[in-house]
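# Close look at the chain arrangement
Single-letter residue listing:
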Amino acid sequence: MAAPKVAVVGAGVIGLSTALCIVETCPSSSVTVLSAQFSPNTTSDVAAGMLIPHTYPGTPIHVQKQWFKETFTYLFAISNSAEASEAGIHLVSGWQVFKSTPKEELPFWSDVVLGFRPMSKAELQKFPQHQFGQAFTTLKCDCPPYLLWLEKRLKATGVQMHNRKVADLWELHREYDIVVNCTGIGAHQLVGDKKLFPVRGQVLQVHAPWVKNFIRDGDGLTYIYPGIHRVTLGGTREKESWSLSPDPSTTKDIFDRCCSLEASLQEAQDIKVKVGLRPSRQCVRLQREVLSQGGVKLPVVHNYGHGAGGFSVHRGTAKEAARLVVECIAALQGSSSRAKL
């Protein structure tokens with residue numbers, strides 16, 4: 001069989017990292033990324049890119065931990081390299097604070113991040129409304145630079161990138177041997193996934209270079225995440241809202257909530273508002289499927305539905321998707337050798 005042709009549909013963090021893992025795992029394959037939007041116009045460009053896992057109720061915890069660990073290890077290596085600045089990856093220390101002590105004082109990921117410990121009484125004095133807290137160091141991806149860095153890596157390996165809206169995966173069956181669906185919220189329409197729903201997120205990006213530590217309320221709604229150039233303030237989690245228009249009252253609410261955690265933010269300058277739709281479902285859809293029409297078969301690998309946790313597990317799920325592509329290639333090679341017999 002000639003070099004298998006693989007199309008990856010979608011160019012957010014999941015699509016680009018999946019394409020990269022496929023190239024690394026199957027160097028003989030020919031990979032093309034197809035997407036209606038590339039950075040800076042993807043949902044991933046709005047994400048804060050903090051490595052603090054979101055829990056998927058429908059996925060075993062040991063699997064989620066493995067995805068997170070693989071992602072953390074991969075990005076930690078980049079953060080320790082000369083490419084850290086270009087890739088927009090850096091370590092950031094801070095606090096996760098709770099109004100009451102959570103049921104799980106040790107989250108499943110506590111031994112993957114660095115230096116995880118309960119906050120001292122003295123530290124908690126900074127947050128008088130909160131009773132309990134955790135301090136740790138994790139990684140942050142500044143999203144547009146990281147996506148551009150991934151694109152550059154892909155182009156260097158010969159991967160083609162085409163601006164193309166795919167309306168139906170089947171339309172690719174004449175050009176490609178395998179299709180990988182990384183379309184995020186687009187999968188709602190593209191493959192009719194009714195288990196997938198948007199969770200609207202509105203965030204602010206501000207100039208406040210003195211803010212060096214992250215602060216996250218344990219409910220996950222209010223957070224302050226310092227990046228290399230700007231600080232991300234959040235946020236919202238609005239289920240089933242498809243609106244991409246910024247809401248001024250929400251902007252004020254986010255700003256006020258963040259200022260209550262870090263009063264110095266009242267001096268923040270140059271506030272930009274961003275909105276994205278997190279592709280949410282009970283569990284990430286990571287599986288093989290074979291589409292067939294009139295005796296013609298098209299192997300498909302799905303990797304979407306990461307919700308609020310895409311950056312935290314993107315490399316782990318990309319590696320898993322690449323492994324599924326290897327299985328598809330083996331099946332195709334098996335059927336082509338049987339055909340010769």
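What counts, and where the lines are drawn
Residues numbered from 1 in each chain as written. Predicted model: local features only at pLDDT ≥ 70, side-chain atom pairs only at ≥ 80, totals over all residues. Heavy atoms only, no water. UniProt positions renumbered as here; feature names shortened; annotations may be inferred. Phe/Tyr/Trp six-rings, centres within 6.5 Å; stacked < 30°, edge-to-face > 60°. Helix = DSSP H or I, 4+ residues; strand = E, 2+ residues; numbered from the N terminus. Lys NZ or Arg CZ within 6 Å of the ring centre and 35° of its normal. Pairing = 2+ DSSP bridges. Axes fitted to C-alpha atoms, helices over the stretch in contact; angles between N-to-C directions. Buried < 20%, exposed > 50% of the residue type's maximum accessible area, 1.4 Å probe, protein only. Core = buried A, V, L, I, M, F, W, Y, C linked by side-chain atoms within 4.5 Å. Contact = heavy atoms within 4.5 Å. Disulfide = S-S within 2.5 Å. Polar contact = N/O pair within 3.5 Å; in protein donor to acceptor, adjacent residues only side chain to side chain. Salt bridge = Lys/Arg side-chain N within 4 Å of Asp/Glu carboxyl O.

Going by what an unreviewed UniProt entry lists, the chain is known as D-aspartate oxidase and is assigned to Sclerurus mexicanus. Heading Function (unreviewed entry) of the UniProt record for the chain holds this comment: "Selectively catalyzes the oxidative deamination of acidic amino acids. Suppresses the level of D-aspartate in the brain, an amino acid that can act as an agonist for glutamate receptors. Protects the organism from the toxicity of D-amino acids. May also function in the intestine."

### A few points about the packing of aromatic side chains
Overall, the coordinates contain eleven aromatic pairs when judged by the stated rule. Measuring from centroid to centroid gives 6.0 Å for phenylalanine 98 and phenylalanine 132, while their planes differ by 50 degrees, and the two rings are tilted. Of this pair, phenylalanine 98 sits in strand β3 (residues 89-98) while phenylalanine 132 is found in strand β5 (residues 132-141), placing the two residues 34 residues apart along the sequence. A centroid spacing of 5.6 Å and a plane angle of 20 degrees characterise the contact between phenylalanine 116 and phenylalanine 136, whose relative ring orientation is stacked. Of this pair, phenylalanine 116 sits in strand β4 (residues 114-118) while phenylalanine 136 sits in strand β5; the two residues are 20 residues apart in sequence, bridging distant segments of the chain. Seen from the ring of tyrosine 74, arginine 315 lies directly overhead, with NZ or CZ sitting 3.9 Å from the centre.

### Examining the sheet that holds strand β2 (residues 30-35)
In space, the six strands of this open sheet follow the order β6-β2-β1-β7-β15-β14, with mixed pairing throughout. At either end of the open sheet lies a strand with only one pairing partner, and these are β6 (160-163) and β14 (285-293). Ignoring strand direction, the axes of neighbouring strands in this sheet form an average angle of 20 degrees. Relative to strand β15 (residues 296-304), β14 is paired through nine bridges, and the arrangement is antiparallel. Residue pairing for β15: leucine 286 is matched across the bridge by asparagine 303.

### Notes on the pairing of strand β9 (residues 214-217)
Alternating residues of β9 divide into Phe214 and Arg216 and Ile215 and Asp217, and every residue in both groups is buried. Sheet analysis places β3 next to β9, joined by four bridges and oriented parallel. Bridge assignment links tryptophan 95 to a residue of β9, and that residue is isoleucine 215. Here β9 pairs with strand β10 (residues 223-226) via two bridges, running antiparallel. Pairing of arginine 216 across the sheet is with tyrosine 223, part of β10. Where β9 folds back on β10, the antiparallel hairpin that results is connected by five residues, among which glycine 220 adopts a positive phi of roughly 80 degrees.

### Points about the nonpolar core
Ranked by internal contacts, the top residues of the largest apolar core, which has 65 residues, are Ile22, Val33, Leu75 and Tyr146. Examining the composition of this core, we find that nine residues originate from one element, helix α8 (residues 310-340), more than from any other. When residues no more than four places from it in sequence are discounted, the contact partners of leucine 75 are Leu51, Ile89, Leu139, Cys141, Tyr146 and His314. Counting 21 residues, the second-largest nonpolar core is a separate cluster that includes Met119, Ala135, Val211 and Cys259.

### So, the environment of isoleucine 215
With respect to the helices and strands, isoleucine 215 occurs in strand β9. Between the C-alpha atom of isoleucine 215 and that of cysteine 258, which follows or precedes it by 43 residues, the distance is 8.9 Å.

### Quick word on unusual backbone geometry
Cis geometry is found at the peptide bond from serine 39 to proline 40, where omega equals 10 degrees. When you line up the elements, proline 40 lands in the loop between β2 and α2 (61-79). Cis geometry is adopted by the peptide bond preceding glycine 235, which originates at glycine 234 and carries an omega value of 0 degrees.

### Here we look at the state of the cysteines
Applying the stated criterion to the full structure yields zero disulfides. Unpaired in this structure, cysteine 259 has its nearest cysteine sulfur neighbour in cysteine 258, at a distance of 7.2 Å.

### Digging into the UniProt feature "binding site: D-dopa" (unreviewed entry) in the chain
Mapped onto this numbering, the UniProt entry gives "binding site: D-dopa" (unreviewed entry) at Tyr223 and Arg278. Along the chain, tyrosine 223 falls in strand β10. Each residue touching tyrosine 223, except ones within four places of it in the same chain, is listed here: Val203, Ile215, Arg216, Thr232, Leu233, Gly234, Gly235, Cys258 and Arg278. By secondary structure assignment, the location of arginine 278 is in strand β13 (residues 269-280). Taking the relative accessible area as the measure of exposure, arginine 278 reaches 14% and is therefore buried. Not counting residues within four places of it along the chain, the set of residues in contact with arginine 278 comprises Ile185, Phe197, Pro198, Val199, Arg200, Gly201, Tyr223, Thr236, Arg237, Gly307 and Ala308. Within the structure, arginine 278 has its side chain in polar contact with the backbone oxygen of threonine 236 (distance 2.9 Å).

### Details of the pattern of salt bridges
All told, the structure shown has 22 salt bridges when counted by the stated rule. Here arginine 117 makes a salt bridge to glutamate 123, at a shortest N to O gap of 2.9 Å. Through salt bridges with shared partners, a single network forms among Arg288, Glu320, Arg323 and Glu327.

### Brief notes about the environment of serine 28
Tracing the sequence through the fold places serine 28 in the loop between α1 (13-25) and β2. Given the relative accessible area of 54%, serine 28 is considered exposed. With 75 residues separating them along the chain, serine 28 and lysine 103 place their C-alpha atoms 49 Å apart. Sequence-distant contacts of serine 28, that is, excluding residues within four places in its chain, are made with Ala3 and Pro4.

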